[in-house]
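These are the residues of each chain, in order.
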Amino acid sequence: GENVEQHPSTLSVQEGDSAVIKCTYSDSASNYFPWYKQELGKRPQLIIDIRSNVGEKKDQRIAVTLNKTAKHFSLHITETQPEDSAVYFCAASKGATSGTYKYIFGTGTRLKVLA
Amino acid sequence: DTAVSQTPKYLVTQMGNDKSIKCEQNLGHDTMYWYKQDSKKFLKIMFSYNNKELIINETVPNRFSPKSPDKAHLNLHINSLELGDSAVYFCASSRSTSYGYTFGSGTRLTVV
């Protein structure tokens, strides 16, 4: 069945260092890959996304890379700050089924940025 | 002016009770979802409605019954609550032509 694996489950970095979170998906028909950030007690919020026709996308300190052949995608956060501490989720979607997009979420990565 | 609002935010109830969670969105989206987030933070889709029609119905006990009276509302009714139902339930919405989700703030359900 559809599956998204996410690693690592926890990640601690020093403030100013980079953080990388990796996800692998199983369904080769997947064509949309969002990343969500969930702070403690809050809702998941979209931070960046990438579609299958693009290999890399960047937004300030955040970037996402996609390798369709290997079926994996990664989130890169540079110059980490304490406010980057949160749980990060990757997800994969393969398009609309009658107008609705089902995400398969990864298991989450708890990122701690140490001051 | 909250985009996707859920009520209640917290719900503590005894086993065997029946409870409902309400969700409303004012974004003009035509697709709505219910996701369950368990204690390990895993997010799993339960249901999705498009224009009031049930489109996605994952393997969820039939004690869970979604209802969408109109495009802006998606409620979740749970019968005979069990301890294992304790989780955070998130409502989300999107346009039928777009991938992007907007999540509600979640409802923390605790069954005692």
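For the structure itself, consult the block above.
Residues numbered from 1 in each chain as written. Chains lettered and ligands numbered in written order. Predicted model: local features only at pLDDT ≥ 70, side-chain atom pairs only at ≥ 80, totals over all residues. Heavy atoms only, no water.

S.K.: How do you make sense of the side chain of Gln38 of chain A when you look at a structure like this?
M.R.: Locating Gln38 of chain A in the fold gives a position in strand β4 (residues 32-38). For Gln38 of chain A, a relative accessible area of 6% gives the class buried. Reaching out from Gln38 of chain A, the side chain makes a polar contact with the side chain of Gln37 of chain B at a distance of 2.8 Å. For Gln38 of chain A, the contacting residues outside a window of four places in its chain are Arg43, Pro44, Ala86, Val87 and Phe89 of chain A together with Gln37 and Phe90 of chain B. (Helix = DSSP H or I, 4+ residues; strand = E, 2+ residues; numbered from the N terminus. Buried < 20%, exposed > 50% of the residue type's maximum accessible area, 1.4 Å probe, protein only. Polar contact = N/O pair within 3.5 Å; in protein donor to acceptor, adjacent residues only side chain to side chain. Contact = heavy atoms within 4.5 Å.)

S.K.: Is there a simple way to explain the packing of aromatic side chains in this structure?
M.R.: Centre distance and the angle of the planes are the two values used to describe a pair of aromatic rings. If you walk through the whole model with that rule in mind, you get 22 aromatic pairs over all chains. Geometrically, the ring pair formed by Tyr32 of chain A and Tyr103 of chain A is tilted, given 6.2 Å between the ring centres and 40° between the ring planes. Of this pair, Tyr32 of chain A sits in strand β4 while Tyr103 of chain A sits in the loop between β11 (100-101) and β12 (104-105); the two residues are 71 residues apart in sequence, bridging distant segments of the chain. Judged by its relative accessible area of 1%, Tyr32 of chain A is buried. Since its relative accessible area comes to 1%, Tyr103 of chain A is described here as buried. Considering the side-chain rings of Tyr36 of chain A and Phe103 of chain B, the 5.5 Å spacing of their centres and the 85° angle between planes classify their relative orientation as edge-to-face. Placement of Tyr36 of chain A in strand β4 and of Phe103 of chain B in strand β10 (residues 102-103) is noted, with the two residues assigned to different chains. Here Tyr36 of chain A and Phe103 of chain B have matching classes, each one buried. Three or more aromatic residues joined by ring pairs make a cluster, and in this case those are Tyr32, Tyr36, Phe89, Tyr101, Tyr103 and Phe105 of chain A together with Tyr33, Tyr35, Phe90, Tyr99, Tyr101 and Phe103 of chain B. (Phe/Tyr/Trp six-rings, centres within 6.5 Å; stacked < 30°, edge-to-face > 60°.)

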